[in-house]
Amino acid sequence: MFHDLCMMDSLSDYSSARYVLFGVPFDGTSSFRAGSRWAPDAMRKASANFETYNSYFDIDFEDLLIHDAGNFEPYSDVEKTLEELFFAVEPIVKDGKIPIMMGGEHSLTYPCVRACAKHVSEDIGFVVMDAHFDLREEYGGVKFNHACVSRHILNDITDKYVTIGVRSGPREEWEFAKDNGVCYYTPDIVREKGVKTVLAEALEHLDCDKIYLSLDMDALDPSFAPGLGTPEPFGLTDVEVRDIIRILAPMSIGFDVVEISPEYDGGQTALLGTKLLREFIAAHAAANR
Ligand code: MN
Ligand code: MN
């Protein structure tokens, strides 16, 4: 991995870093509007907008050990990409660091969760914010399509699974979720109960100390995040997603922001995704001072 464009305030070298950022410019299975391959660099550019100081957490990014490892070079084939990405992420986890991926499409989350799960002794939970269930067994004949990521994580890695923001899927996916006791929260439920109540319930359901947290940006309402591969109205607000991240970051051992498609807006989705990524780091660092 090598790159000249850098996430602001990632001043650490790899060996002393606590947080290791990397981009994966891959959107090979994207079904509607491709283009998330451009997101990692759009996020790095957007990061120049932000101050190093986070007043809510009283955290200065200049004091944190963040390393930007550049972009992983994907293959044209999705399975090969996922396989090699696993081997790229595994050493980061093994070295006791927090991997933070800037996608790319959502299929890329699978090897990141697998790498994290492999190196913790206890069961890890998987919490995902997404407009979609991503619970299909396969899509368009492709097993590792981005519309299937949660199904494979659920099948292969952990059944400690919660999805927040879901509001779109064929009848079969809703039925699958109900029949299999999948813990899901639509934006309507989040609004009705509030983020704190939802997360208290979710954590009880997960019953574990460590999670991997994944943000498919289409969890957000397209009015906040219009630059997406598959925008879906009536989503979560920016503040709801921020609050979910603030609460869950301290127990997270890995994080990603995926599915931003920067060519479909004037830069605001990359800006918001980057801010949320920085909020994750600040919340994690504040809890683990
Ligand atoms: Mn997704
Ligand atoms: Mn989605």
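For the structure itself, consult the block above.
Residues numbered from 1 in each chain as written. Chains lettered and ligands numbered in written order. Predicted model: local features only at pLDDT ≥ 70, side-chain atom pairs only at ≥ 80, totals over all residues. Heavy atoms only, no water.

**Student:** I tried to follow the pattern of salt bridges on my own but got confused; where do I start?
**Tutor:** A side chain with one charge can pair with a side chain of the opposite charge if their charged atoms come near. Per the stated rule, a full pass over the model turns up 13 salt bridges. Between Asp 68 and Arg 44 there is a salt bridge, and its shortest N-O distance comes to 2.7 Å. You can see Asp 68 sitting in strand β4 (residues 66-71) and its partner Arg 44 sitting in helix α1 (residues 39-47), a full 24 residues away along the chain. Each member of the pair Asp 68 and Arg 44 is classed as buried. Residues Glu 279 and Arg 246 are paired through a salt bridge, measuring 2.8 Å at the closest nitrogen-oxygen approach. Pair noted here: Glu 279 is in helix α9 (residues 268-287) and Arg 246 is in helix α8 (residues 238-248), with a separation of 33 residues, a long-range link. With relative accessibility at 15%, the residue Arg 246 sits in the buried group. (Salt bridge = Lys/Arg side-chain N within 4 Å of Asp/Glu carboxyl O. Helix = DSSP H or I, 4+ residues; strand = E, 2+ residues; numbered from the N terminus. Buried < 20%, exposed > 50% of the residue type's maximum accessible area, 1.4 Å probe, protein only.)

**Student:** What should I look at first to understand the nonpolar core in this one?
**Tutor:** General note: in soluble globular proteins, nonpolar side chains tend to be found buried as a group. Judged by nonpolar contacts, the single largest core of 55 residues is most densely connected at Ile 164, Leu 215, Met 217, Leu 277 and Ile 281. Examining the composition of this core, we find that 10 residues originate from one element, α9, more than from any other. Apart from residues no more than four positions distant in its own chain, Ile 281 is found in contact with Tyr 19, Leu 21, Phe 61, Leu 64, Ile 66 and Ile 100. By size, the runner-up hydrophobic cluster in this structure holds 41 residues, among which are Leu 82, Ile 92, Leu 154 and Ala 177. (Core = buried A, V, L, I, M, F, W, Y, C linked by side-chain atoms within 4.5 Å. Contact = heavy atoms within 4.5 Å.)

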